[in-house]
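# Architecture at a glance
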Amino acid sequence: MPLRRRIFPASVPALVPALVLASLGLAACAGDALYDSVPYDPLEDYVEVEAATILDAPSALAGRYAPDRAEQVERGEYLVELLGCGGCHTDGALVGVPDAERSLAGSRTGIAWSNPLGERNPGVVYPPNITPDVETGIGNWSDWQIADAVRFGVGRHGTGGIRVMPWPGYARLTDEDLEAIVAYLRSIEAVRHRVPDDVEPGRRATAPFVYFGYYRRR
Ligand code: HEC
C-alpha cells in the first residue's frame, strides 16, 4: 500500500474498516483490496509533481533582446520563477501537469472567483497567455500596460479588471524589478495559444476550472 494512502486516507468510512481489520491483525492481507471496495478514491486522480517543474520559466531567446539587456532579462526570468507566474499562466499547471511547451502561454483550466459554495455557477477567469504572441498573448501590449497589470491589477479594459491574480502581493515591486519582468516577458518565444473566454457568474463554464479559498462577493 503506498505510503500516501496511509497518510491521507481517502475518507473516514474507508478508514474505519481499515482500523477494525488492523486490530484483528488482518491489515497485511487487506491491502489494496480494501481500497478497491471504495467506490471512488480521490487519490486515484492525484498526481505527484516535482514542484520545480511548475515554476520553471522558459529561457529568453537570444536575438529578442539587446545584448546590453542580458542582465535585466535574466533578473526578469528569476523574478517570474520566484513569483510563481507560471503556476497559473501555464496550461496544466493548476492541475499538476504543466505543459512545458506552453510555459506562460495561458491556462485552459480556469479559476473560479466568487464563492462556489454560495453560487451555483461562479465567475471563472482563464489565466491569459503572457508570451509575446500578438494575437493570443500580450505581443501588442505596451510596457506600461503590462507593468500596470502586474503591479496594480489593471485589466485590458482599464481600471480594476484583474480579480484573481494576486497583484496586491506584487504591488511593492520596484520599478527596476518590474521593468526586468517586462523585458523578460518580451524576450521569450511567442507561443500561439488561445485560452477560453472568461465566464461571468451565473453562466455555466464549459471548460474546467479550479477554485481557491472561499470568497463571497458583495
Ligand atoms: C494565482 C494565479 C496567477 C498568478 C500567480 C499570476 N497571474 Fe497573471 N493573471 C492571472 C489571471 C487569472 C489573469 C486574468 C485577469 C484576472 O485575474 O481577472 C491574469 C492576468 C495577467 C496579465 C494581463 C494579461 C491579459 O491578457 O489580461 C498579465 C500581464 C499577467 N497576468 C502577468 C503575470 C505575471 C508577470 C505574474 C507573475 C509576477 C502573474 N501574472 C502571476 C492569474 C495569475
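The present account deals with the structure reproduced in this document. (Residues numbered from 1 in each chain as written. Predicted model: local features only at pLDDT ≥ 70, side-chain atom pairs only at ≥ 80, totals over all residues. Heavy atoms only, no water.)

## So, the overall build of the protein
When its secondary structure is counted, the protein shows eight helices and three strands. In sequence order, the protein lays out its α and β elements as α-α-α-α-α-α-β-β-α-α-β. Out of the 218 residues belonging to the protein, those deemed buried represent 38%. Working note: accessible area of the protein is about 13,500 Å², and carbon and sulfur atoms make up 54% of it. (Helix = DSSP H or I, 4+ residues; strand = E, 2+ residues; numbered from the N terminus. Buried < 20%, exposed > 50% of the residue type's maximum accessible area, 1.4 Å probe, protein only. Areas by Shrake-Rupley, 256 points an atom, 1.4 Å probe, with all protein chains shown as cover.)

## Some details on empty space enclosed by the protein
To locate leftover empty space, one rolls a probe as large as a water molecule over the atoms. This model, assessed by the stated rule, comprises one cavity of 30 Å³ or more. Taken as a whole, the largest cavity encloses approximately 30 Å³ of empty space. (1 Å grid on protein atoms, 1.4 Å probe; cavity = no way out; pocket = protein on both sides within 12 Å on 5 of 7 lines; lining within 4 Å. Points joined across faces, edges and corners; volume = space filled by probe spheres on them.)

## A short note on the site of the ligand
As a structural note, the neighbourhood of the ligand is formed by 22 residues, with Cys85, Cys88, His89, Arg156 and Met165 the closest of them. Contacts to the ligand include valine 164, whose backbone N or O atom sits 3.0 Å from an oxygen atom. At a threshold of 2 Å from the grid points, most atoms of the ligand map onto the largest pocket. When contributions to the shell around the ligand are tallied by element, the ones reaching two or more residues are helix 6 (85–89) and helix 7 (143–152). Here the shell around the ligand takes three residues from helix 6, the largest share from any one element. Classifying every residue of the shell around the ligand gives 17 nonpolar, three polar and two charged. (Near = heavy atom within 4 Å. Polar contact = N/O pair within 3.5 Å; in protein donor to acceptor, adjacent residues only side chain to side chain. Sits in = over half its atoms within 2 Å of the grid points. Nonpolar A, V, L, I, M, F, W, Y, C, P; charged D, E, K, R; others polar.)

## Things to note about helix 8 (residues 175–187)
An ideal rise of 1.5 Å per residue puts 18 Å on 13 residues; helix 8 measures up with 18 Å between its terminal C-alpha atoms. Along helix 8, the residues that are buried comprise Asp177, Leu178, Ala180, Ile181, Val182, Ala183, Tyr184, Leu185 and Ser187. Buried-residue contacts for helix 8 involve helix 5 (70–82) and helix 7. (Expected span 1.5 Å × (residues − 1). Contact = heavy atoms within 4.5 Å.)

## Thoughts on the nonpolar core
Counting residues in hydrophobic clusters, the biggest one holds 23 residues, and the most contacted among them are Val80, Leu104, Tyr184 and Leu185. At the level of secondary structure, the elements contributing two or more residues to this core comprise helix 5, helix 7 and helix 8. Broken down by element, the residue count for this core peaks at six residues, all from helix 8. The residues contacting tyrosine 184, other than those within four sequence positions of it, are Ala57, Pro58, Ala60, Val73, Gly76, Glu77, Val80 and Leu104. The next biggest cluster of nonpolar side chains, apart from the first, holds six residues, and it includes Val124, Tyr126, Ala205 and Ala207. (Core = buried A, V, L, I, M, F, W, Y, C linked by side-chain atoms within 4.5 Å.)

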